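So the chains spell out like this:
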Amino acid sequence: MTSADRKMAPIDEEAINKASHDFEYQGWKVKLALDGASSEGIVSGHADLYEQSVFVCRVMLSARHRDGSSAMQALARKARALIDLRQLQTND
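The following paragraphs examine the structure supplied in this document. Counting from 1, residues in each chain are numbered in the order their sequence is written. Totals for whole chains, interfaces and linings use all residues, but because this is a predicted model, local features are given only for residues with pLDDT of at least 70 and pairs of side-chain atoms are given and counted only at 80 or more. The side-chain figures draw on all heavy atoms in the structure; neither hydrogens nor water molecules are used.

### With respect to the sheet that holds strand S2 (residues 28-37)
On the basis of which strands lie adjacent, the open sheet formed by four strands has the order S1-S2-S3-S4 and antiparallel pairing. The outermost strands of the open sheet, each flanked by one partner alone, are strand S1 (19-25) and strand S4 (54-64). Each strand axis lies, on average, 20 degrees off the axis of its neighbour in the sheet, ignoring direction. For two strands to be treated as a pair, DSSP must find at least two bridges joining them. Only DSSP runs of H or I with at least four residues qualify as helices, and only runs of E with at least two residues qualify as strands; both kinds are numbered from the N terminus onward. In this structure, S2 lies alongside strand S3 (residues 42-51), joined through nine bridges in antiparallel fashion. From the neighbouring strand, alanine 37 faces S3, where its bridge partner is valine 43. The contact rule is simple, with two residues in contact once any of their heavy atoms fall within 4.5 Å. Axis lines are fitted through C-alpha atoms, for helices just across the contact stretch, and the angle between N-to-C directions can take any value from 0 to 180 degrees. Running at roughly 145 degrees to S2, helix H2 (residues 68-91) makes contact with S1, S2, S3 and S4 of the sheet.

Below, the structure written as structure tokens:
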């Protein structure tokens, strides 16, 4: 590695543990992001929820998961459950 290579942006070793996914659910836009995982298998992430392009809230996740896919699925379930709850409250 040359000295010029070392001056480039540092490699983020945790970047391989990061992921994102966007989807729509009942008219809401959901932006999922995994922020990383510890060596003990604790995965942290969040889901930003937007209703009609307006940011409403953030759902957080910090739990043990076997892989990033199961963490993303858990985060998506939490986001959908919150949207379902808000829809029920709006309909009452």
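Moving on, there is more to tell.
### Considerations on the pairing of S3
Taken together, S2 and the strand that follows it, S3, pair antiparallel across an intervening segment of four residues, in which glycine 41 is found at a positive phi of about 90 degrees. Pairing between S3 and S4: 10 bridges, direction antiparallel. The partner of histidine 46 across the bridge, within S4, is methionine 60. Taking the residues between adjacent antiparallel strands as the criterion, S3 and S4 are bridged by two residues, where glutamine 52 takes a positive phi near 50 degrees.

### Focus: the environment of valine 59
In this structure, valine 59 sits in strand S4. Each residue is placed in one exposure class: buried if its accessible area under a 1.4 Å probe, protein chains only, is under 20% of its type's maximum, exposed if it is over 50%, and partly exposed if it falls in between. The class for valine 59 is buried, based on a relative accessible area of 9%. Along the chain, valine 59 and alanine 76 lie 17 residues apart, while their C-alpha atoms are 9.5 Å from each other. In this structure, valine 59 is in contact with Gly45, His46, Ala47, Leu49, Leu75, Lys78 and Leu82, ignoring residues within four places of it in sequence.

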